[in-house]
Amino acid sequence: MKKIEAIIKPFKLDEVKEALAREGVQGMTVSEVKGFGRQKGHTEVYRSAEYVVDFLPKIKIEVLVSDDKAAACARLIENTAKTGRIGDGKIFVLPVDEVVRIRTGERGADAI
Amino acid sequence: MKKIEAIIKPFKLDEVKEALAREGVQGMTVSEVKGFGRQKGHTEVYRSAEYVVDFLPKIKIEVLVSDDKAAACARLIENTAKTGRIGDGKIFVLPVDEVVRIRTGERGADAI
Amino acid sequence: MKKIEAIIKPFKLDEVKEALAREGVQGMTVSEVKGFGRQKGHTEVYRSAEYVVDFLPKIKIEVLVSDDKAAACARLIENTAKTGRIGDGKIFVLPVDEVVRIRTGERGADAI
Amino acid sequence: MHRECFGRTNRAGAGVALAMLWVASSAAAEEANLLTDPKVMMDTMWTLVAAMLVFFMNLGFALVESGLCRAKNAVNILAKNFIVFGVSSLAFLAVGWGLMFGNGTAFFGTEGLFFLSGPDNSPATGEAYQGAYQAISWATVPLLAKFFFQLVFAGTAATIVSGAVAERIKFLSFVAFSFVMVALLYPVTGHWIWGGGWLANYGMWDFAGSTVVHSVGGWAALAGVLLLGPRLGKYGRDGRVHPIPGHNMTSATIGVFVLWLGWFGFNPGSTMALDPKAISHIAVTTNTAAAAASMSALVTAIVLLGKPDLSMILNGCLAGLVAITAPCAWVSVGSSLIIGVIAGILVVVSVLAFDRWGIDDPVGALSVHLVCGVFGTLAVGLFADASAAPVTGPANGLFYGGGFSQLSAQFVGVIAVGAYTLGVSLAAWAVIRAVMGLRVPDYEEIEGLDLAEHGISAYPDFQLTNVGAGLLTGGGGPRGGSAQPAWAAKPATAQGT
Amino acid sequence: MHRECFGRTNRAGAGVALAMLWVASSAAAEEANLLTDPKVMMDTMWTLVAAMLVFFMNLGFALVESGLCRAKNAVNILAKNFIVFGVSSLAFLAVGWGLMFGNGTAFFGTEGLFFLSGPDNSPATGEAYQGAYQAISWATVPLLAKFFFQLVFAGTAATIVSGAVAERIKFLSFVAFSFVMVALLYPVTGHWIWGGGWLANYGMWDFAGSTVVHSVGGWAALAGVLLLGPRLGKYGRDGRVHPIPGHNMTSATIGVFVLWLGWFGFNPGSTMALDPKAISHIAVTTNTAAAAASMSALVTAIVLLGKPDLSMILNGCLAGLVAITAPCAWVSVGSSLIIGVIAGILVVVSVLAFDRWGIDDPVGALSVHLVCGVFGTLAVGLFADASAAPVTGPANGLFYGGGFSQLSAQFVGVIAVGAYTLGVSLAAWAVIRAVMGLRVPDYEEIEGLDLAEHGISAYPDFQLTNVGAGLLTGGGGPRGGSAQPAWAAKPATAQGT
Amino acid sequence: MHRECFGRTNRAGAGVALAMLWVASSAAAEEANLLTDPKVMMDTMWTLVAAMLVFFMNLGFALVESGLCRAKNAVNILAKNFIVFGVSSLAFLAVGWGLMFGNGTAFFGTEGLFFLSGPDNSPATGEAYQGAYQAISWATVPLLAKFFFQLVFAGTAATIVSGAVAERIKFLSFVAFSFVMVALLYPVTGHWIWGGGWLANYGMWDFAGSTVVHSVGGWAALAGVLLLGPRLGKYGRDGRVHPIPGHNMTSATIGVFVLWLGWFGFNPGSTMALDPKAISHIAVTTNTAAAAASMSALVTAIVLLGKPDLSMILNGCLAGLVAITAPCAWVSVGSSLIIGVIAGILVVVSVLAFDRWGIDDPVGALSVHLVCGVFGTLAVGLFADASAAPVTGPANGLFYGGGFSQLSAQFVGVIAVGAYTLGVSLAAWAVIRAVMGLRVPDYEEIEGLDLAEHGISAYPDFQLTNVGAGLLTGGGGPRGGSAQPAWAAKPATAQGT
Ligand SMILES: Nc1ncnc2c1ncn2[C@@H]1O[C@H](COP(=O)(O)OP(=O)(O)O)[C@@H](O)[C@H]1O
Ligand SMILES: Nc1ncnc2c1ncn2[C@@H]1O[C@H](COP(=O)(O)OP(=O)(O)O)[C@@H](O)[C@H]1O
Ligand SMILES: Nc1ncnc2c1ncn2[C@@H]1O[C@H](COP(=O)(O)OP(=O)(O)O)[C@@H](O)[C@H]1O
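Each residue is numbered by its place in its chain's sequence as written, counting from 1. Following the order in which they are written, the chains are lettered starting with A and the ligands numbered starting with 1. Restriction of local features to residues with pLDDT of at least 70 applies here, the model being predicted, together with a cutoff of 80 or more for giving and counting side-chain atom pairs; totals for whole chains, interfaces and linings are based on all residues. The side-chain quantities take in all heavy atoms of the structure and omit both hydrogens and water.

Draft legend 1. Examining the packing of helix 6 (residues 171-194) of chain E against helix 14 (residues 405-436) of chain E more closely. Residue and element names in this part refer to chain E. Between helix 6 and helix 14, the least distance of the axes is 10 Å, while the angle of their chain directions is 160°. Looking at the two axes, helix 6 sits roughly antiparallel to helix 14. In terms of crossing hand, the pair formed by helix 6 and helix 14 is right-handed. Along the contact surface, helix 6 presents Leu172, Ser173, Ala176, Phe177, Val180, Leu184, Leu185, Val188, Thr189, Trp192 and Ile193, while helix 14 presents Ala416, Val417, Tyr420, Thr421, Val424, Ser425, Ala428, Trp429, Ile432 and Met436. Three residue categories are used. Nonpolar comprises Ala, Val, Leu, Ile, Met, Phe, Trp, Tyr, Cys and Pro, charged comprises Asp, Glu, Lys and Arg, and polar comprises the others, including Gly. In terms of residue class, the contact of helix 6 with helix 14 is made up of 17 nonpolar, 4 polar and no charged. In this description, a line fitted to the C-alpha atoms serves as the axis of each element, helices being fitted only across the stretch in contact, and the angle between N-to-C directions of two axes falls anywhere from 0 to 180 degrees. Working definition: helices are DSSP H or I runs of at least four residues, strands are E runs of at least two. Numbering for both runs from the N terminus. Convention used here: angles under 35 degrees read as roughly parallel, angles over 145 as roughly antiparallel, angles from 65 to 115 as roughly perpendicular, and any remaining angle as oblique. Each crossing is labelled by how the near helix is turned from the far one, with a counterclockwise turn of less than a right angle marking it left-handed and a clockwise turn marking it right-handed. Contacts are residue-level and defined by heavy atoms, with any inter-residue pair within 4.5 Å sufficient.

Draft legend 2. A look at the site of ligand 3. Proximity is defined per residue: if any heavy atom of the residue lies within 4 Å of a molecule or strand, that residue is considered near it. Around ligand 3, 22 residues are found, and the nearest of them are Thr29, Leu64 and Arg103 of chain B together with Arg38 and Gly87 of chain C. In the model, an oxygen atom of ligand 3 is placed 3.4 Å from a nitrogen or oxygen of the aspartate 88 of chain C main chain. Here ligand 3 has 550 Å² of accessible area as a free molecule, and 99% of this is covered by the chains. When contributions to the shell around ligand 3 are tallied by element, the ones reaching two or more residues are strand 2 (28-36) and strand 5 (56-65) of chain B together with strand 2 (28-36) and strand 6 (90-95) of chain C. Considering each element in turn, the shell around ligand 3 owes the most residues, 3 residues, to strand 5 of chain B. Taken together, the residues of the shell around ligand 3 sort by class into 8 nonpolar, 7 polar and 7 charged. Counting of polar contacts relies on pairs of N or O atoms within 3.5 Å, with two restrictions inside protein: one atom must be capable of donating a hydrogen and the other of accepting it, and residues adjacent in sequence are counted only when both atoms are side-chain atoms. For the accessible areas, the method is Shrake-Rupley and the probe is 1.4 Å, while residue cover comes only from the protein chains on display.

Draft legend 3. Spotlight on the interface of chain E and chain D. Listed by partner, the interface residues are 67 residues for chain E and 79 residues for chain D. Summed over both partners, the interface of chain E with chain D comes to about 6,400 Å²; 77% of that surface belongs to carbon and sulfur atoms. At the boundary of chain E and chain D, one finds 8 residue pairs in polar contact (both at pLDDT 80 or more). Mapped by element, the contributors of at least two residues to the side of chain E that touches chain D are helix 1 (4-20), helix 3 (38-67), helix 4 (74-101), helix 5 (143-164), helix 6 and helix 16 (449-454) of chain E. When grouped by side-chain class, the residues that make up the side of chain E that touches chain D number 47 nonpolar, 15 polar and 5 charged. By buried area we mean the combined loss of accessible area, with a 1.4 Å probe, across both parts when two parts are placed together.

Draft legend 4. Quick look at the relation of the copies chain F and chain E. Once turned by 120° and shifted 0.0 Å along the axis, chain F lies on chain E with an RMSD of 0.0 Å. The symmetry that links the two subunits is that of a three-fold axis. No C-alpha of chain F lies nearer the rotation axis than that of glutamine 463 of chain F, which sits 3.3 Å from it. Of the interface residues in chain F, just 15% have counterparts in chain E that sit at the interface too, so the contact is made through distinct surfaces. Fitting of the copies onto one another was done by least squares over C-alpha atoms, counting residues only where both copies have pLDDT of at least 70.

Draft legend 5. Inspection of the environment of glycine 163 of chain E at higher detail. All names here are of chain E. Note on placement: glycine 163 falls in helix 5. Categorising residues by exposure relies on relative accessible area from a 1.4 Å probe, with only protein chains included: less than 20% of the type maximum marks a residue as buried, more than 50% marks it as exposed, and the intermediate range marks it as partly exposed. Accessibility expressed as a relative area gives 0% for glycine 163, which makes it buried. In this structure, the C-alpha to C-alpha distance between glycine 163 and isoleucine 77, residues 86 residues apart in sequence, is 7.7 Å. If we ignore the near neighbours within four places in the chain, the residues touching glycine 163 are Glu65, Asp361, Pro362 and Val363.

See below:
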């Protein structure tokens, strides 16, 4: 099994979620992160002094998929999350040794 | 070494933490995530219009353990976090190449 | 490629970020986590009753690097984040199968 | 000033006041005597305290409106609601007051137009009054007390607009409209009804401003909403309504409590005189309508949706307050209860209707101020009852044997004010759109106006969540005018986050 | 109403007022004259302004209570505290006022019972008064001013309950109890003490309501807490107390400041007359007690725990205010300082004690309103000092040479009111439990009442944390009655999150 | 007190009041008569209502200051701003009042020094007055009304300090300074100007306290800031300014609205008499200055930075209010507009300047209260215009043909008060530093004072973000005195998080 982690722009979440769901991905886990990268942060102003905020809000999606679906799934996220503008984010694919569904105790691909 | 990631229901955190601590796990890292899965979200109402919130609050636990303890530890989390109701969550076991304890510079199993 | 995850003390974030940037790391992803470990939590007081908060705020940094830079990068984080006091945190190095830059579709080391 | 000079003034003053009381009833009393006349003193205090309460309603509006919008726009809304009172203060001083209360035509004032510059010997009243502001010469208080009281009312009308156009309007465009509103829009219809203009002569009555203040604010807001179009994400591609929850129900609740308090200045204070019976009566009708409307909105929400919806309870309370504003002095406590009940139902239904019609009003300002402002104005023609009223006023209403005559006068007032205000507002908004633009670019709207327009976050130490927080993909929606293309149409700008 | 008719009224009125002043002292003055009597005018304004301040206390309670509870229940608490004033307004209008102030027996009023329907020629007082509400005929203000003032007091009593039963009670069950409270509970004991009933005749004194309002609210809350049991997670399986921190200390602090402000209406306003010496005196005793209690609670908290605990400073301030409420007009400023100091210590100790006894009161309402309400009532019997008092009142207290007589009258009042209110409240809560249930299911309590009961979050844009936020595993606790089984006992329902 | 005794009092009282009015002008009127004199009644009510509004400013300060600081210090700031009024109440009662208003020397009072213990037959005034507090005998209200009004002013001065020293000062050290401030600092300079002291005799005028209250608070704050040094992370190692954004702009905005409201008590209330013309005039000048300053600060911010900065609009409003405080009764409405415009510009420039000079004032208290307090005091010497003023006062200002004489008197006042307050404050802060320490350890500052000093978080249910929230590495900064070593220098303590 593989774990796909994708860092995307926040407003793309709904689209990506729906795309994945359409492809039969039944679950995913999402969290708020801050990204630092080529896309530079923005300037804020407070009491007449400016400062740069380096970290931009991003969404991290984690999806467990079976080995055979990993590539397709990554591709799907890539296509959906893409705007072509800097800061679109990254997708990482990590190996996973084992998966357990807590409710049933199922293991491996069944647990996804 | 292995990294165990568990997505659980929030109110199970204390129990899981205590169970792990009892088994000699000395550290863990926890974060707030939102889960999307078979457990459907709930309906909210705002100014007389209904809408569905798909993402439910979950807790993600990350624990580094030595290879030999991984299975037992995953099992322990599974048993403690289980309510038998939908949405109990998942456990993933990932391979880890290296661990460092920042304070001492210890590496590998010593660092856990 | 490797994914380096580091759990550090929050006030060390800026220093670590700058050190990494100086070494040519162009991106990273950061999130808020709570840590449980040897560093004990603090006691809080509410309406004249005391209680212990076990989980302490920590920052998790995730950086994707090519295999050859992983060790140096981990070392750099270690040195920068170290205060020598309990609770300095941990660094984990995980194997990564694939990386994609969403904007360009680049893969592998190019995508980092 | 805490000093001996004042001691002197006072000591003298006290002596004069007391010795003179029994001769002070002479119509020729000089200003000096009037100013130590207990009635003038008391009326002034009452008027000023009421004005302070109405001033405080600015806080209420700021909190209701920011609370019912998203965190990413909170600074913008707070800034708008704060500065709008600054703008109003200057605009009303500059020209609004003169247009509204200056002697002149049936349509607007022409004497003493700018900067309170007309002659005025207030607190002299009646025959004794000489000055440029005859229409408000009945109030036995100094000129500046009248001005201050009327100013806070003008500010209220302007601040109503803010909520309806929130989360997408440019800050400076709103500031510009506010100036126009208080300098030119509000005072004109105000003159018609409270400035001795044609509607007053026609027999239309509005005690504390269901029409003069609230529906005028509502019409101006409606014009803005029509030109702005809905917020991105409010309507899906299929036209379905996507509720966009507000970010802080604590703020919204504080806001409504503050407004409720402020209304005890707004309505009872509109006597501008310490008339014990009238102000007690009005306090109770005001409170009863608010309470009844809160309850009826609660019940309506439970019936329609099965949930006690706090946002609807709050809007219900405001609806009751707006509706009782016109009739508060001329209806019985029992009628105020009925008016409240109706307003509470009306507001829930009307929020649903505006949403369905594609008119996106983030805070329900139209339902509260426009719909219930109109209803309250008509309620005078339905419920007015001279036998219950502590002050003289309109003819009896339909339900109290007065037939349709008062109702039709009210109706004419509603239509005339609506037509004028909606028309001129549309023109004003359109000019502003042409000159400086009305709506922020889509990517700024997605990122939030706080960062884009103000370069600041309202809550920088808090982790704001982007999961399920209304950053929806679907743009446009049913009313999609030129101002709100689906964001996807210009990806080049979508770099914000 | 801003129109010439009013001008006429006023012009006439002013003339009459002045010309008539010197003859107005005749006992046969007609209402028209009374209404232009400066004293009636001033008393009315004072009473109404004070009533507005007391009304505003609803905001204070809403913020203290929601601030000291968890974010997941904030909407629920705000909704309860908002609607409770709506309910109170209608219930007191419908029947509460009549029961409390109507002429009748020593136990409750029977004349003019419903909807203020009794005859009444207020502001006539004394011999001249004719009407159904003799007991409050001393106040020289119009009937509706009396009503409004008393209404906001009734609302206060009802809102006190909200905090103690928070985070577990069903919304509609609370609404039902509030109605009972204001329609039947509060007015009865109120009649005993302020309505010319048996306790008044017995010689018990309570100036502004330490007993009539605060301890009555406290007893009713205690009954609710006893039947509800503690919140899940408050007590571990071993019975140890787990503090459940409130979610917003900013809210709580705003709330207490607003309450402190409101108390300047509550206490000085209870003169219902603009008596310069009395209201100045009461303002200072009230403020001094609040300040002293804040300080003594701070010191007590530091001594007991080593930390300047803000929640205790805030509760301390309220404790001082509640305690000085009964004696504020009859004790010296020095005594008010001592009363404040004692109240501040009392509240800290009593919060600890209730927690230990397994009585789970999330916001300290019992410690503040019940304990200090009782203490304040007794303080009259200890500190009353006719030589320092600006108005006549009780016999001197124990410390001022009055012996035990006043103290024992106060004691009888405390016991009688406590027994009645606790008893009837228990019965009322029990009936409500039987008919509609009292406590939300465990999984709703874990998920938070906002989502479960209202389908909404207070702060949807904010990331709320579940780590260490009181979602504790241990259920039940020492008092575990039938209402709060450990959640583990019914896993079938624990599907919420 | 709601009981027949009061009825008796009132009935009698009313009769007496009315019958006696025409003889009450005798200078020998007894206290009993005075207390039923309508003027005394009205003045008392006005004074008390104004005092309540000023009291409420404590909430405003608490919210502005906590809102403009970080979430991790919110409890600490709220606790400081809450307890400071408790401390002030006791300190002013104990000795502050006596020092300020007691008869005595040109430098401080000596009679009736402690606990209001001097003889006093207020509300008798003028010749009739006999007592220890001659300087304030001009006010026709009872002693305790005078005391309460002056107390809330003293509290304001003390609370100003809180914001400037926030986020690094020890809680108890601040409490100690506040006591000194209200017991010994504020009353002395207050005596000079309002207590019949040497500056009053010298001809310096300050109507409502630009100097007496605001700049005194500002000087005391400046002394604290100088000894404390800047917050960690405010200045980078290179000396560059790192803005540290406040955590809650909603709080800050509520705070300023509340302060604006409070100022309607502060300025118009400082008449301590219901003078219709004066209070109407002052309400309008106060409001106009606030509005104008909000606008000019907005424009200045846009010009300098291109953004409508809400924090600057808010500070601008306060700047206008502080500046108009001294001259509000003696300048025309037009002048108040100009004064406001200047204050709004001044505050923006001065915030930038203090930041550049390394004087770290988290909330802008120095810019608002010190700079604009001084400016407002001088504005009396520039804009005073007897022909526009509703009460007598200073000589005409420079711009109204009065030459430099009044301006120079104002200038002397500014310098004298500044020198005394800064000097004594520095000494007081230094003693406190020696005895109990001034600044929390660095690791407590990094962790936040809430956890370290109070063991509590303001928002425990909310996920606070540590990313980019001012937990900066660079310590020290340009002013680095002994109190703020770079944290890196003592890693042994940096264990907090
Ligand atoms: N080396 C990396 N390791 C981890 N996360 C990264 C890395 N590089 C980029 N990211 C994440 O991806 C986001 C987008 O990267 P950025 O360089 O700004 O744009 P792009 O991916 O379009 O080149 C960043 O905000 C960060 O969250
Ligand atoms: N494929 C997946 N990848 C990542 N996380 C998942 C996946 N499936 C489920 N989850 C996580 O597990 C949680 C529970 O899953 P769900 O399908 O609702 O119930 P269950 O695990 O009982 O079948 C989800 O809320 C989500 O956070
Ligand atoms: N086994 C582990 N798995 C995951 N995270 C851990 C583990 N042990 C420690 N951590 C993380 O590292 C942080 C620091 O660990 P701690 O034991 O307190 O101090 P130290 O690393 O200095 O020995 C913890 O707060 C936790 O976030």
